[in-house]
Number of protein chains: 4
Amino acid sequence: MTEPTTYAYFGPAGTFTEAALRSTSPAEGSVLTPYATVPLALDAVRGGAADLAMVPIENSVEGAVPATLDDLAGGAPLVITAEVLLPVNFALLARRGTSLDDVRRVGTHPHAEAQCRRWLSQTLPGAAYVTASSTAAAAEALATGTAAYDAALSARIAATTYGLEVLADQVGDNPDAVTRFALLSRPVPPPLPTGADRTTLVCYIRHDHPGALMQILEELSVRGVNMTTIVSRPTGERLGHYRFFIDCDGHVDDAPVGEALMGLRRVCAEVRYLGSYRRAGVAPAPAERAQADARFREAQAWLARVREEGAAY
Amino acid sequence: MTEPTTYAYFGPAGTFTEAALRSTSPAEGSVLTPYATVPLALDAVRGGAADLAMVPIENSVEGAVPATLDDLAGGAPLVITAEVLLPVNFALLARRGTSLDDVRRVGTHPHAEAQCRRWLSQTLPGAAYVTASSTAAAAEALATGTAAYDAALSARIAATTYGLEVLADQVGDNPDAVTRFALLSRPVPPPLPTGADRTTLVCYIRHDHPGALMQILEELSVRGVNMTTIVSRPTGERLGHYRFFIDCDGHVDDAPVGEALMGLRRVCAEVRYLGSYRRAGVAPAPAERAQADARFREAQAWLARVREEGAAY
Amino acid sequence: MTEPTTYAYFGPAGTFTEAALRSTSPAEGSVLTPYATVPLALDAVRGGAADLAMVPIENSVEGAVPATLDDLAGGAPLVITAEVLLPVNFALLARRGTSLDDVRRVGTHPHAEAQCRRWLSQTLPGAAYVTASSTAAAAEALATGTAAYDAALSARIAATTYGLEVLADQVGDNPDAVTRFALLSRPVPPPLPTGADRTTLVCYIRHDHPGALMQILEELSVRGVNMTTIVSRPTGERLGHYRFFIDCDGHVDDAPVGEALMGLRRVCAEVRYLGSYRRAGVAPAPAERAQADARFREAQAWLARVREEGAAY
Amino acid sequence: MTEPTTYAYFGPAGTFTEAALRSTSPAEGSVLTPYATVPLALDAVRGGAADLAMVPIENSVEGAVPATLDDLAGGAPLVITAEVLLPVNFALLARRGTSLDDVRRVGTHPHAEAQCRRWLSQTLPGAAYVTASSTAAAAEALATGTAAYDAALSARIAATTYGLEVLADQVGDNPDAVTRFALLSRPVPPPLPTGADRTTLVCYIRHDHPGALMQILEELSVRGVNMTTIVSRPTGERLGHYRFFIDCDGHVDDAPVGEALMGLRRVCAEVRYLGSYRRAGVAPAPAERAQADARFREAQAWLARVREEGAAY
């Protein structure tokens with residue numbers, strides 16, 4: 001009998017991250033443990049307390065999640081094995097008996113506040129905003145009576161988890177807002193390529209070398225590898241020193257991506273591979289992938305003949 | 001008699017931002033008003049309540065300050081007219097009678113917590129961390145007895161401002177940590193070039209166009225303009241849609257920077273100019289600047305002769 | 001009464017170059033004088049003996065005409081004011097009484113030989129080839145009885161000029177072969193832009209600088225200027241030192257071409273402008289030209305506002 | 001007993017090409033056969049009549065030798081296995097009894113005329129120039145009395161070969177003039193890398209694709225491969241359609257050159273490999289070569305670990 005899989009996730013229970021994890025249909029018997037911070041959830045995997053960790057990695061309104069990126073760039077290596085996209089749906093929750101007119105102070109996580117700012121200023125123009133460590137923590141504090149606010153902006157499912165009422169639903173300013181979550185593992189070989197894959201990297205440029213960022217982009221473009229995201233984060237060493245988190249289309253086993261990675265390895269001060277995995281929400285194009293690979297293989301065969309025979313007919 | 005200059009700054013009193021503002025030696029009689037958030041300080045300038053606003057823009061550990069960048073990218077235009085670099089010096093403050101051994105919970109701003117994390121885990125391994133809206137607010141709450149923590153990580157000067165004791169000084173993990181502050185104004189012509197200037201921009205790339213970021217870098221590099229920082233921030237529209245904050249060496253009145261800006265204007269979906277100003281901590285190189293400008297002027301004169309006479313001898 | 005225009009052309013009479021010149025419909029009373037070599041025809045213009053000179057510049061089979069390019073790159077500057085495209089139509093000419101079977105030796109210019117090689121080896125497999133200084137000179141020598149060959153490969157019109165018979169017509173291997181001729185003048189302002197213009201340049205790269213050629217191409221591409229031809233010719237100084245003759249779409253008065261030329265002037269060891277003129281065989285696209293210019297003008301106006309007011313709304 | 005090696009060379013005897021061939025010290029018993037044209041010499045190798053052919057490939061004054069390049073680009077593949085650099089030393093030769101004052105007409109090959117033009121116009125201002133098929137042919141015709149000129153510009157050794165007198169020596173305008181010769185073979189594996197190697201290619205760009213030439217240069221530069229020469233030659237298909245002969249530093253067995261060649265193979269319409277061989281006149285830098293190769297091998301090993309284990313420590 002195999003051991004059940006143990007999952008860490010950025011908690012508490014009732015956050016979007018739990019919803020993201022459940023959307024991957026964990027096998028029955030799996031153990032799902034919330035952790036108070038992203039670094040704690042990731043360290044649970046590094047230390048062996050969990051097999052996998054689900055954490056938020058990017059939000060369409062607030063952008064990359066710094067705590068996740070910075071933690072992945074440092075410490076023992078982890079790799080992304082899957083990604084999940086989840087629509088963001090905020091609700092204003094309160095204890096039974098509270099009406100909208102009673103709300104003077106609203107508690108929530110800063111990212112949630114940023115995503116509901118327009119709605120808040122229109123609906124509750126006089127209300128103050130109180131910082132909470134997560135949207136679920138805001139709901140929980142409200143339920144347990146320890147909160148210094150009257151209502152919480154949370155995921156709708158937190159109403160059930162904590163026995164609260166929904167004063168208003170779908171209150172996010174951007175109805176298309178979506179969050180991207182990543183499932184992290186200790187280093188393992190990547191899943192098989194599907195024709196709709198993504199590869200994630202951290203690149204440290206050589207700061208003594210002007211044009212270093214352009215050189216990175218050229219290593220990708222010259223092999224026809226499409227970069228989908230580039231996010232800068234400070235290295236913490238000096239003002240103006242950034243490392244770059246790069247998402248590109250394709251799988252590390254694809255010939256173009258492989259050759260581009262070798263190029264990055266040569267021109268960067270450091271490259272950390274963060275995984276190749278199936279892109280969420282994108283239809284696979286295995287024919288396109290096969291075509292690009294075939295072009296690389298043909299060129300390899302041609303070069304081999306040139307080297308062995310002095311010509312290729 | 002001229003009106004005294006009025007300054008807004010990211011407060012409360014006793015933060016690093018006030019220290020940055022005071023380092024510019026405001027004229028006697030100037031009015032310095034703290035604002036609770038960066039957007040409020042900037043809106044004070046936009047609305048005319050203040051002439052200038054000092055806000056943090058980048059930190060060597062935490063990187064760009066999102067609230068500042070995002071506010072500058074939206075709303076009515078503001079321009080940076082000066083920058084200030086300030087070493088970051090954190091101290092652990094407490095009320096009289098508290099010793100290090102008594103500290104169970106520490107309140108501070110998340111950026112400060114991030115910059116003292118190593119010291120905290122070594123010196124106060126069991127202590128919990130409580131979020132405050134600023135390092136000065138943490139000190140103030142401690143002083144007024146409303147804090148849910150025993151000590152505050154703040155700028156050292158907050159000890160004086162709020163009558164607290166210094167339990168430990170210089171507790172930042174990186175002794176070279178520095179913060180960059182910007183002085184913002186309603187649009188005005190830039191200060192005169194000095195030979196050690198910086199120009200700041202926000203560029204929105206065309207997302208339907210792969211290679212758009214590389215195109216931006218080429219517009220700079222082809223004119224020999226050195227990019228010193230590039231920071232990505234989400235536009236808030238869609239996952240993976242970022243705008244780029246770019247710092248480059250040189251002044252908008254310099255011929256190379258001017259031509260590069262026109263190029264960016266043509267290839268970007270949108271460019272917002274955020275000011276040309278004297279770089280802090282860099283010696284001016286007016287000869288170099290004059291040389292680059294001379295090359296551009298010589299080429300302009302040559303082209304004019306070619307157009308008028310059909311040749312240039 | 002104005003003086004009649006005097007034309008020099010690469011002769012003798014009866015060559016393709018004369019046909020090219022006549023295709024431009026010189027005004028009645030114009031004087032057309034053949035010169036024995038391209039340099040002599042060009043020097044006639046430089047010295048004032050002629051107003052304009054027609055010379056071949058590029059052939060679709062043999063490529064650029066070295067004598068023309070090298071002469072234009074050195075000596076006193078000349079500019080191209082018009083170009084002519086002419087289909088190449090070779091005929092085998094002989095004196096009355098000679099039949100194909102009698103032909104043992106064929107005289108012609110090496111370029112003509114190269115363009116009829118397949119036909120010659122199929123039709124006259126045993127015939128020897130004798131070098132002549134031009135296709136017309138070959139016909140003339142045949143007519144005057146001084147030739148060491150039995151037939152001449154020439155332009156068809158040489159049959160009339162020299163009283164020869166046509167043994168075979170249309171004998172060129174490539175029925176689409178075409179030659180491009182240029183009309184050269186002492187430096188004059190370029191003709192007005194038409195929306196279908198070409199600009200010709202000679203660029204000398206800095207040989208101490210790897211990547212210098214790529215830099216040249218970038219100066220064009222970054223402004224959206226399309227290079228149609230690039231031809232290398234040795235500078236004569238050292239092995240491997242080449243100058244580059246570049247044709248690009250557009251007119252020196254067009255904003256994109258003007259800015260690109262200034263860029264080339266800055267990065268090249270030397271740039272010589274060889275004229276902007278109407279492209280032969282291409283329909284004008286004035287709307288496209290206006291659009292590109294408008295983008296440049298808009299960016300100029302934007303930059304002017306930024307420099308004067310500190311922002312552009 | 002092994003067969004003696006048979007050499008073809010661009011003749012006749014007494015040209016610079018024979019001198020170049022003899023400078024390689026052919027083994028005793030080798031057979032050296034002159035051919036009237038470069039294509040004939042190369043076809044002798046293709047057809048098996050000769051093992052190797054020596055032909056001129058580039059001249060520091062006249063540039064690439066078109067007949068050689070065009071022949072190498074077409075027909076059955078040949079590869080360069082060695083190169084020779086030879087200083088060009090022209091002498092004016094005449095029959096016994098002729099003095100400089102008697103010379104009215106000078107016969108020589110057009111390339112030689114171009115390289116002595118200044119000397120001719122100063123020393124023999126009134127003399128006419130008569131085309132010959134080679135400098136040696138000019139001397140031979142003079143010796144046999146069939147020449148229509150009084151003196152020949154030839155290699156000095158032709159005086160001995162044909163029993164002529166030297167009227168003037170070292171008459172080339174450029175005392176540093178040098179010609180590069182190539183030794184060609186039917187396809188064979190390249191000689192071992194030496195750390196001072198050159199690789200020669202013909203690249204056909206995709207003409208429907210603006211920026212195609214820049215793409216070629218990028219495939220080289222992104223791998224740090226230094227291009228030493230690029231020469232354009234018409235494909236003969238259409239006006240403005242050129243193929244490019246490229247010399248670059250390094251050996252096809254070097255990892256950077258190999259990867260660059262695969263890249264060219266993918267982006268070009270066609271690539272023909274013309275050989276990797278020891279550069280003449282350049283000191284080997286095996287340490288540099290080993291370093292570049294090591295960087296590529298390290299990156300390959302890193303990628304292999306990433307693909308197999310999901311991380312590389």
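Residues numbered from 1 in each chain as written. Chains lettered and ligands numbered in written order. Predicted model: local features only at pLDDT ≥ 70, side-chain atom pairs only at ≥ 80, totals over all residues.

In the nomenclature of an unreviewed UniProt entry, chain A is known as Prephenate dehydratase of Motilibacter peucedani. Heading Pathway (unreviewed entry) of the UniProt record for chain A holds this comment: "Amino-acid biosynthesis; L-phenylalanine biosynthesis; phenylpyruvate from prephenate: step 1/1." Of chain A, the UniProt comment under Catalytic activity (unreviewed entry) reads exactly: "prephenate + H(+) = 3-phenylpyruvate + CO2 + H2O". (UniProt positions renumbered as here; feature names shortened; annotations may be inferred.)

**Looking at the overall build of chain A**
When helices and strands are tallied, chain A shows 10 helices and 15 strands. Counting only C-alpha atoms, chain A reaches 85 × 55 × 35 Å along its principal axes. Buried residues in chain A amount to 51% of all 313 residues. Partitioning the contacts of chain A with sequence separation of at least 6, the portion at a separation of at least 24 is 74%. (Helix = DSSP H or I, 4+ residues; strand = E, 2+ residues; numbered from the N terminus. Buried ≥ 20, exposed ≤ 12 C-beta atoms within 10 Å, placed from the backbone. Contact = placed C-beta atoms within 7 Å.)

**Here we look at the sheet that holds strand β14 (residues 242-249) of chain B**
Residues and elements named next belong to chain B. Ordered by their spatial adjacency, 4 strands build an open sheet running β13-β14-β12-β15, and the pairing between neighbours is antiparallel. Across the chains shown, the open sheet's two edge strands, defined by having one partner strand only, are β13 (227-234) and β15 (270-278). Neighbour to neighbour, the strand axes of the sheet diverge by 15° on average, direction disregarded. (Pairing = 2+ DSSP bridges. Axes fitted to C-alpha atoms, helices over the stretch in contact; angles between N-to-C directions.)

**Re the interface of chain D and chain C**
Taken together, the contacts link 28 residues of chain D with 28 residues of chain C. Counting residues per element, the ones that place at least two in the side of chain D that touches chain C are β11 (178-185), α8 (212-221) and β13 (227-234) of chain D. Top element by residues in the side of chain D that touches chain C is β13(D). It accounts for 7 residues. Residues that form the side of chain D that touches chain C fall into these classes: 10 nonpolar, 13 polar and 5 charged. (Nonpolar A, V, L, I, M, F, W, Y, C, P; charged D, E, K, R; others polar.)

**What about the pairing of strand β9 (residues 151-155) of chain A?**
All names here are of chain A. Burial runs high along β9: 5 of the 5 residues are buried. As paired strands, strand β6 (residues 90-94) and β9 are joined by 4 bridges and run antiparallel to one another. Bridge pairing in β9 places L92 opposite L153. Direction of pairing for strand β7 (residues 105-108) relative to β9: parallel, over a ladder of 2 bridges. Counted as the bridge partner of V106 is A151 from β9.

**Digging into the domain arrangement of chain A**
As a measure of interface size, the accessible area lost when the parts come together is often cited. All names here are of chain A. Taken domain by domain, chain A consists of domain 1 (1-88 + 172-188), domain 2 (90-157) and domain 3 (190-313). Once you take the C-alpha centre of each, domain 1 and domain 2 turn out to be 24 Å apart. Every contact between the two is made by 15 residues of domain 1 and, on the other side, 16 residues of domain 2. In terms of residue class, the side of domain 1 that touches domain 2 is built from 7 nonpolar, 6 polar and 2 charged. (Domains from an automatic or database assignment.)

**Considering the UniProt feature "domain: Prephenate dehydratase" (unreviewed entry) in chain A**
Mapped onto this numbering, the UniProt entry annotates "domain: Prephenate dehydratase" (unreviewed entry) at residues 6-186 of chain A. As annotated, residues 6-186 of chain A has a helix share of 30% and a strand share of 33%, and its two end C-alpha atoms lie 13 Å apart.

**Considerations on the interface of chain D and chain A**
At the junction of the two partners, chain D supplies 29 residues and chain A supplies 29 residues. Put simply, the parts of the chain that give the side of chain D that touches chain A at least two residues each are α8, α9 (255-267) and α10 (286-309) of chain D. In terms of residue count, α10(D) provides more of the side of chain D that touches chain A than any other element does, 9 residues in total. Of the residues assigned to the side of chain D that touches chain A, the class counts are 16 nonpolar, 4 polar and 9 charged.

**Overview of the pairing of β13(B)**
Residues and elements named next belong to chain B. Where burial is concerned, most of β13 is hidden: 7 out of the 8 residues are buried. Across 7 bridges, the pairing between β13 and β14 is antiparallel. Across the sheet, the residue bridging to I230 is I246, located in β14.

**Some words on the UniProt feature "domain: ACT" (unreviewed entry) in chain A**
Taking the numbering used here, the UniProt-annotated feature "domain: ACT" (unreviewed entry) corresponds to residues 201-278 of chain A. Between the C-alpha atoms that bound residues 201-278 of chain A the distance is 15 Å, and the span itself is 29% helix and 37% strand.

**Topic: the relation of the copies chain D and chain C**
Each copy of the sequence occupies a distinct position, and chain D is placed on chain C by a rotation of 180° and an axial shift of 0.0 Å, giving an RMSD of 0.1 Å. The transformation relating the two chain copies, once decomposed into turn and shift, fits a two-fold axis. Of the interface residues in chain D, 100% have counterparts in chain C that sit at the interface too, so the contact is made through matching surfaces. (Least-squares fit on C-alpha atoms with pLDDT ≥ 70 in both.)

**Some remarks on helix α2 (residues 38-47) of chain D**
Taken residue by residue, α2(D) has D:V38, D:P39, D:A41, D:L42, D:A44 and D:V45 as its buried positions. Looking at the buried side of α2(D), the elements it contacts are β1 (6-10), β2 (31-35), β3 (52-59), α3 (66-73) and β11 of chain D.

**Observations concerning the relation of the copies chain D and chain A**
The operation relating chain D to chain A is a screw motion whose rotation component is 180°, with 0.0 Å of axial translation and a residual RMSD of 0.0 Å. Most of the interface of chain D is mirrored in chain A, where 100% of its interface residues are also at the interface.

**As for the packing of helix α9 (residues 255-267) of chain A against α10(D)**
A packed helix pair is summarised by two numbers, namely the angle formed by the two axes and the spacing between the axes. Interaxial distance between α9(A) and α10(D) falls to 9 Å at its minimum, and their mutual angle equals 125°. Considering their axes alone, α9(A) and α10(D) lie oblique with respect to each other. As for how α9(A) packs across α10(D), the hand of that crossing is right-handed. On α10(D), the residues touching A:G258, A:L261, A:M262, A:R265 and A:R266 of α9(A) are D:R295, D:A299, D:Q300, D:W302 and D:L303. (Parallel < 35°, antiparallel > 145°, perpendicular 65-115°, else oblique. Left-handed = near helix turned anticlockwise from the far one by under 90°.)

**What to know about the sheet that holds β7(A)**
All names here are of chain A. The mixed open sheet is built from 5 strands, whose spatial order is β8-β7-β9-β6-β10. Across the chains shown, the open sheet's two edge strands, defined by having one partner strand only, are β8 (128-131) and β10 (165-169). Adjacent strand axes in the sheet meet at a mean angle of 35° when their direction is disregarded. Contacts between helix α6 (residues 135-144) and the sheet are confined to β6, β7 and β9, with β9 contributing the most and set at about 140° to the helix.

**Looking at unusual backbone geometry**
Of note, the amide linkage connecting B:G11 to B:P12 takes the cis form, showing an omega dihedral of 10°. Positionally, B:P12 belongs in the loop between β1 (6-10) and α1 (16-22). At A:S25, a residue that is not glycine, the phi angle is positive and equals roughly 50°. The residue A:S25 is located in the loop between α1 (16-22) and β2 (31-35) in this model. Since 8 C-beta atoms lie within 10 Å of it, A:S25 is described here as exposed. Positive phi values are uncommon outside glycine, yet A:Q170 reaches one of about 55°. Within the secondary structure, A:Q170 is located in the loop between β10 and β11 (178-185).

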